[in-house]
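# Residue-level structural notes
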Amino acid sequence: MTDDILSPDQKLTPAKPKPSRAAAVSVQDLTRTFGDFVAVDHVSFDVARGEIFGFLGANGAGKTTTIKMLTGLLAPTSGTGTVDGLDIVRRRKTIRTRIGYMSQRFSLYDELKVRENLSFFGGVYGLSRSRVAQRVADLEEMLNLSALMGRMTGSLPPGNKQRLALACAILHEPSILFLDEPTGAVDPIARRYFWDLISELAGTGTTVFVTTHYMDEAEYCHRLSIMYAGRIVEISSPADIKQKYNMTSVEDVFIHLVDR
Amino acid sequence: MSHSRLTPLVHKEFIHIFRDRRSLAILFIMPVLMMFVFGYAIDMDVKNIRLGICDLSRTPQSRALIRSVAASPYFAVKVRYTDPRQTEDLFASRAIRAAIIIPRNLVRHLSGAGNPAVAVIADGTDANTATLAQNYLESLLRQQALAAGTGTLPVTVKTRILYNPDMISSHFVVPGIVALLLIMIGALLTSVTIAREKETGTMEQILVSPIQPHEVVLGKAIPYLVLAFGIAVFIIGFGCVWFSVPMLGSWTYLMTACLVYLSTALAIGLLISTLVATQQVAMMLSLVTTLLPSVMLSGFVFPVASMPLPLRVISQVIPATHFLVIIRGIMLKGNGPAELWPSVLAMLAVGVLFISVAIRRFRLKL
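Residues numbered from 1 in each chain as written. Chains lettered and ligands numbered in written order. Predicted model: local features only at pLDDT ≥ 70, side-chain atom pairs only at ≥ 80, totals over all residues.

### Observations concerning the overall build of chain A
Each helix and strand in chain A was counted, giving nine helices and 10 strands. Taken over C-alpha atoms, the radius of gyration comes to 18 Å for chain A, in line with the 18 Å a tight globule of 260 residues would show. When its C-alpha atoms are laid out on the principal axes, chain A stretches across 55 × 40 × 35 Å. A total of 260 residues make up chain A; the buried ones form 49% of that total. In chain A, the proportion of contacts linking residues at least 24 apart, taken out of those at least 6 apart, comes to 70%. (Helix = DSSP H or I, 4+ residues; strand = E, 2+ residues; numbered from the N terminus. Rg over C-alpha atoms; globule rule 2.2 N^0.38 Å. Buried ≥ 20, exposed ≤ 12 C-beta atoms within 10 Å, placed from the backbone. Contact = placed C-beta atoms within 7 Å.)

As structure tokens, then:
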């Protein structure tokens, strides 16, 4: 909340992949307060289709609150926004059919088998039985889940749970995927593998909106926004950001911006 | 579309219910245990009260009187003593809970000279037992007096107890336990399962999907209503078989009433789940909000009619109050809708109240 933080109206460098036709995500002055506490403070940004958009910030910076507003779990106090061209307040029912969401907790049913979790989430998204079977077969291969299908979900190691959670989130082929600190509980190898999958997904046209506080992961993103105390203090591509501040890593920039 | 989304929810819930064998077993065993505890412990008939007898008369008449008292299942003659001054020590040492002192001049009194007075003394620390002991002894003594041809009362009272002529407590208590258990189990199951989904984050995961709030509610309600209904049939059947509680009325009416009652219980569980974040708090809150009022204020033990007005008003919004009238009416009196409609309407009203408040709050939380 110090004065030397960049105010959101300071115009920042433009996005790398230009926001085509309708942006995948677009918000203007999005604000959310909890009592006196301003969790998200007049945030504005656009995310282009097919972009991997990284949302960086320390704990409590407002990342999760922003994601919750975009996914319709939380109503904004003020400001507007669209997801897939649809208003986040009025059209949230429709938005829900077009987005995938994976939380940091890998929210799966531990007492269900891997296969049962997949068919459950397929059913929840209204996919037909045959469609679920086909998608599960595709994802089994893509995410290397075949050997796990009969296992009880609760018995899986975190890396496998993470892949299963991702599979459940993209079963219905969402056009935008929201990932809230998706690599929090897994080891570096699983993280690397996971980011390869994310890049692959983005390559097929899925927009990925991801929050993280791992700075090495930031390098995988097409564009980054750095959030501090509810505000976006920097937004640009990793390369532009490093150049602008004349630093060698995103981590240095992040610390420079946040820890002054 | 909406129908096909409900199916996976219901299916998933049944997998949960049947895969967790241990919890399922507990759900059926716990009511049986509770029924044993309540069914036997809340025995309003008092048996084997420890009795002391001080016979100063030592006549055939007094011995006849003692024999008849000793033959009663309500008393166990523990001490016979000869000095009335011992009485207080016997009570103090808890050797006896009641005493009879037969005066020296009993026979003289019986033959017409004065009133034949026999002292009956009871331990008032347990007022219930004391009153019962006193009543039993008085009626026994009165019978004796009548048999001896004296002490005739101007009016003879003949009591006839309807519907439960033998005054068997369990016939009164078991339907009450059913009412208690069903409201508790219904609320507990629902609140804990929803709280668990909140704890693990799966509720949030479902809420970002196109699922509608009413589908979430029905997806929980249908499986747990089926489960709770199964438990209801089981424990009522158990009460009928083990405690020989009669079933004079129609099973159909009773089961219909159970469904309405259980729906109300589930709504209470849903309401609780909107107030709490963890399974533990959900469990505590469910037990306190269902058991306490249902035991104290529903007429389970204490008659509603003898409560002060504010409590009587409160008792009307407790679902168990109405269900108790219905289940006792159907099982013990053979009542049908013709006699029970006021309670059925009241239970429906309370049910609709809870269900609508619960759904309103649940939607609000989303």
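### Observations concerning the nonpolar core
Among the nonpolar cores identified, the biggest contains 140 residues, and A:Val208, A:Phe209, B:Ala179, B:Leu182 and B:Ile327 are the most heavily contacted of them. Among the elements that line this core, the one with the most residues is helix 7 (residues 169-200) of chain B, at 17 residues. Once residues lying within four places of it in the same chain are set aside, the contact partners of B:Leu182 are B:Ala228, B:Ala232, B:Cys258, B:Tyr261, B:Leu262 and B:Ala265. (Core = buried A, V, L, I, M, F, W, Y, C linked by C-beta atoms within 7 Å.)

### Comments concerning the interface of chain B and chain A
Each side of the interface is counted separately: chain B has 21 residues, and chain A has 19 residues. If you list the elements that add at least two residues to the side of chain B that touches chain A, you get helix 1 (2-19) and helix 8 (202-207) of chain B. Looking at the side of chain B that touches chain A element by element, the count peaks at eight residues for helix 1 of chain B. Class assignment of the residues belonging to the side of chain B that touches chain A gives a composition of eight nonpolar, eight polar and five charged. (Nonpolar A, V, L, I, M, F, W, Y, C, P; charged D, E, K, R; others polar.)

### Focus on the sheet that holds strand 10 (residues 231-236) of chain A
Residue and element names in this part refer to chain A. Overall, mixed pairing links the six strands, which are arranged 6-7-8-3-9-10 in an open sheet. In the strand order of this sheet, the two ends are held by strand 6 (99-102) and strand 10, each with one partner. Across the sheet, the axes of successive neighbouring strands diverge by a mean angle of 15 degrees, strand direction being ignored. Helix 6 (residues 188-203) rests against strand 3 (52-57), strand 7 (176-180) and strand 8 (207-212) of the sheet, and its axis sits at about 150 degrees to strand 8. (Pairing = 2+ DSSP bridges. Axes fitted to C-alpha atoms, helices over the stretch in contact; angles between N-to-C directions.)

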